[in-house]
Amino acid sequence: MAHRVTLIPGDGIGPEITEATRRVLEATGVDLEWDVQQAGADVMDAHGGDPLPPETLESIRRNGVALKGPITTPVAGGFRSVNVRLRNELDLYAQVRPCKTYEGVRTRFDHIDLVIVRETTEDNYAGIEYAYGSPEESELAAWIEAHGDRLPNPDSGLSIKPISITATRRVFEFAFDYARRMDRRKLTCVHKANIMKFTDGLWLNTAREVAERNPDLEFEDRIADNMCMQLVQWPEDYDVLVAPNLYGDMFSDLAAGLIGGLGVAPGANYGDGVAVFEPTHGSAPKYAGQNRVNPIAEMLSGMMMLHHLGEHEAADRLEQAIADLIREGKDVTYDMKPRRDDPTAVGTSAVADALIAKLTA
Ligand code: NAD
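Residues numbered from 1 in each chain as written. Predicted model: local features only at pLDDT ≥ 70, side-chain atom pairs only at ≥ 80, totals over all residues. Heavy atoms only, no water.

Draft legend 1. Structural detail: helix α9 (residues 296-308). In this model α9 runs 18 Å from its N-terminal to its C-terminal C-alpha over 13 residues, within 8% of the 18 Å that 1.5 Å per residue would give. Among the 13 residues of α9, 12 are classified as buried, and the element is accordingly described as predominantly covered. Ile296, Ala297, Glu298, Met299, Leu300, Ser301, Gly302, Met303, Met304, Met305, Leu306 and His307 are the residues of α9 that are buried. One or two steps after α9, the chain reaches Gly310, where phi turns positive at roughly 85°. (Helix = DSSP H or I, 4+ residues; strand = E, 2+ residues; numbered from the N terminus. Expected span 1.5 Å × (residues − 1). Buried < 20%, exposed > 50% of the residue type's maximum accessible area, 1.4 Å probe, protein only.)

Draft legend 2. Here's a closer look at the sheet that holds strand β11 (residues 268-271). Strand order in the open sheet formed by 10 strands is β2-β1-β3-β12-β11-β4-β5-β10-β8-β9, and the pairing between neighbours is mixed. One side of each edge strand has no neighbouring strand; the edge strands of this open sheet are β2 (32-36) and β9 (218-223). With strand direction ignored, the average angle separating the axes of adjacent strands in the sheet is 25°. Two strands pair when backbone bridges link them, and strand β5 (residues 113-119) and strand β10 (residues 240-243) are joined in this way by 4 bridges, in the parallel orientation. Across the sheet, Val117 pairs through a bridge with Val242, a residue of β10. Each of β4 (94-100), β5, β8 (186-191), β9, β10 and β11 is contacted by helix α5 (residues 165-181), which is oriented at about 155° to β5, the strand it contacts most. (Pairing = 2+ DSSP bridges. Axes fitted to C-alpha atoms, helices over the stretch in contact; angles between N-to-C directions. Contact = heavy atoms within 4.5 Å.)

Draft legend 3. Representation of the site of the ligand in the model. Taken together, the neighbourhood of the ligand is formed by 21 residues, with Ile71, Thr73, Gly282, Ala284 and Asn294 sitting nearest. Residue Lys68 places a side-chain N or O atom 3.3 Å away from an oxygen atom belonging to the ligand. In this structure, Ile71 approaches the ligand through a main-chain N or O atom, which is 2.8 Å from an oxygen atom. Here the ligand loses 70% of its free accessible area of 820 Å² to cover by the protein chains. (Near = heavy atom within 4 Å. Polar contact = N/O pair within 3.5 Å; in protein donor to acceptor, adjacent residues only side chain to side chain. Areas by Shrake-Rupley, 256 points an atom, 1.4 Å probe, with all protein chains shown as cover.)

Draft legend 4. Representation of the pattern of salt bridges. Summed over the entire model, instances satisfying the criterion amount to 31 salt bridges. Residue Arg327 is joined to Asp324 by a salt bridge in which the shortest nitrogen-to-oxygen separation is 3.1 Å. Here Asp324 and Arg327 lie together in helix α10 (residues 312-328), a separation of 3 residues that amounts to about one turn. Residue Asp324 is classed as buried on the basis of its relative accessible area, which comes to 18%. One salt bridge in this structure joins Asp341 and Arg339, with 2.6 Å as the shortest N-O distance. In this structure, a network of salt bridges that share partners links the residues Arg4, Glu33, Asp35 and Arg62. (Salt bridge = Lys/Arg side-chain N within 4 Å of Asp/Glu carboxyl O.)

Draft legend 5. Just the packing of aromatic side chains, in detail. Scanning all chains against the criterion turns up 8 aromatic pairs. Among the aromatic residues, ring-to-ring pairing joins Tyr93, Phe174, Tyr178, Tyr270 and Phe277 into one connected group. The residue whose ring lies beneath Lys186 is Tyr238, and the NZ or CZ to ring-centre distance is 5.2 Å. Over the ring of Tyr334 we find Arg292, and its NZ or CZ is 4.4 Å from the ring centre. (Phe/Tyr/Trp six-rings, centres within 6.5 Å; stacked < 30°, edge-to-face > 60°. Lys NZ or Arg CZ within 6 Å of the ring centre and 35° of its normal.)

Draft legend 6. Inspection of the packing of α9 against α10 at higher detail. In the contact formed by α9 and α10, the axes pass within 7 Å of each other and the chain directions differ by 160°. Our classification of the angle between α9 and α10 gives roughly antiparallel. Judged by the sense of rotation from one axis to the other, the crossing of α9 with α10 is left-handed. Mapping the contact onto sequence places Ile296, Met299, Leu300, Met303, Leu306 and His307 in α9 and His312, Ala314, Ala315, Asp316, Leu318, Glu319, Ile322, Leu325 and Ile326 in α10. (Parallel < 35°, antiparallel > 145°, perpendicular 65-115°, else oblique. Left-handed = near helix turned anticlockwise from the far one by under 90°.)

Draft legend 7. Representation of the pairing of strand β3 (residues 65-68) in the model. Burial of the side chains of β3 extends over both faces: Val65 and Leu67 are buried on one face and Ala66 and Lys68 on the other. Bridge count between strand β1 (residues 3-8) and β3: 3 bridges; the pairing is parallel. Opposite Thr6, over in β3, you have Ala66 as the bridge partner. One ladder, built from 3 bridges, connects β3 with strand β12 (residues 274-277); its direction is parallel. Its bridge partner lying in β12, Leu67 is registered against Phe277.

Draft legend 8. Region of interest: unusual backbone geometry. A positive phi angle is found at Asp123, which is not glycine, with a value near 70°. Secondary-structure assignment places Asp123 in the loop between β5 and β6 (129-130). For Asp183, which is not glycine, the phi dihedral falls at a positive 60°. Relative to the helices and strands, Asp183 is located in the loop between α5 and β8.

Draft legend 9. Quick look at the packing of helix α1 (residues 14-27) against α9. The geometry of α1 relative to α9 is characterised by a closest axis approach of 9 Å and an angle of 45° between their N-to-C directions. It follows that α1 is oblique to α9 by the angle criterion. For the element pair α1 and α9, the recorded crossing hand is right-handed. Contact residues: Ile17, Thr18, Ala20, Thr21, Val24 and Leu25 in α1; Glu298, Met299, Gly302, Met303, Met305 and Leu306 in α9. Tallied by class, the residues present in the contact of α1 with α9 amount to 8 nonpolar, 3 polar and 1 charged. (Nonpolar A, V, L, I, M, F, W, Y, C, P; charged D, E, K, R; others polar.)

Draft legend 10. Representation of the side chain of Asn83 in the model. For Asn83, the position within the fold is in helix α3 (residues 82-89). When neighbours within four sequence positions are excluded, Asn83 is seen to be in contact with Lys68, Ile71, Thr73 and Glu278.

Below you can see the structure in the form of structure tokens.
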């Protein structure tokens, strides 16, 4: 039976990398039926000013799986990030970013094979903030003082960091399941429980409680600052890192840097019964429509999607074809060449053509 998948091309470089990815995924032989849906600035006018039309959300809910290109978030004015809205509307609570070095990638580090699992509903990202001088901030500052604490300085903005047992438990349960499914061996809980006892402390205690119910996998914890140093010095000692929202955001970029940058960093966002696959990188608007950028991060996100659909053999074949392509170093985009102005760099669609040739040989 065909797998029905929502395909959101996105904007900027999104349409060209999702098209290259669609062609490559089809060349694996897996029967995929695409339900193409729109989102982003380019489609706002056609949908009464809404960059995330309800039919796009309904399609993802119905199919349970989506492959997405990046979507631009204008800095000033504009609309709220479609990406954040998608996460909220679909309650996508676990972001997974595997970071693996492929031979031939330009990086200072070899043999990296890490997965970052990031909780994506809470923490400082919850958006509960009070501007300095606002009535809410003054009221909250007064309340804090009335309860025996004191802000270091009165001219402060305030941000609330909620961490709950509910969200922590479900992201660790997800992480243990994911690790088991993907044949990983160890989880490392990242935190700063030594300083933030009631938020990160609760995160750590809840993680330990979930770990006790999952004794088949190794479990340990690291304080976030130590984790930074360890990742640079001994990345091979780590396997699956599980982090709250803010640290997770930083660790996944750090790990993307270890493996050669955004062109090869895939990702996925999971909720209960729903998963959205997309690269770590954004819409790189200055390259839009030039058939220049690297489609590999989107393709590796597609490879993760094949695993999610239970198509493990096809996913492995696709990953092998990508690994071979990178190692050979011929049919790759400018960012994977030794020099960015290398005249032998190929375009986005030529990367897809080369992979299709390998997959169908
Ligand atoms: P970006 O990732 O789009 O681009 C930064 C730079 O990285 C580019 O200029 C380019 O040099 C390089 N790059 C990115 N992707 C590449 C690829 N596939 N191949 C080769 N080089 C690549 O980051 P940005 O410029 O900070 O963001 C642009 C827009 O994307 C913003 O509006 C941002 O909000 C949005 N964004 C969207 C998502 C998403 O849709 N999930 C994620 C991040 C950023």
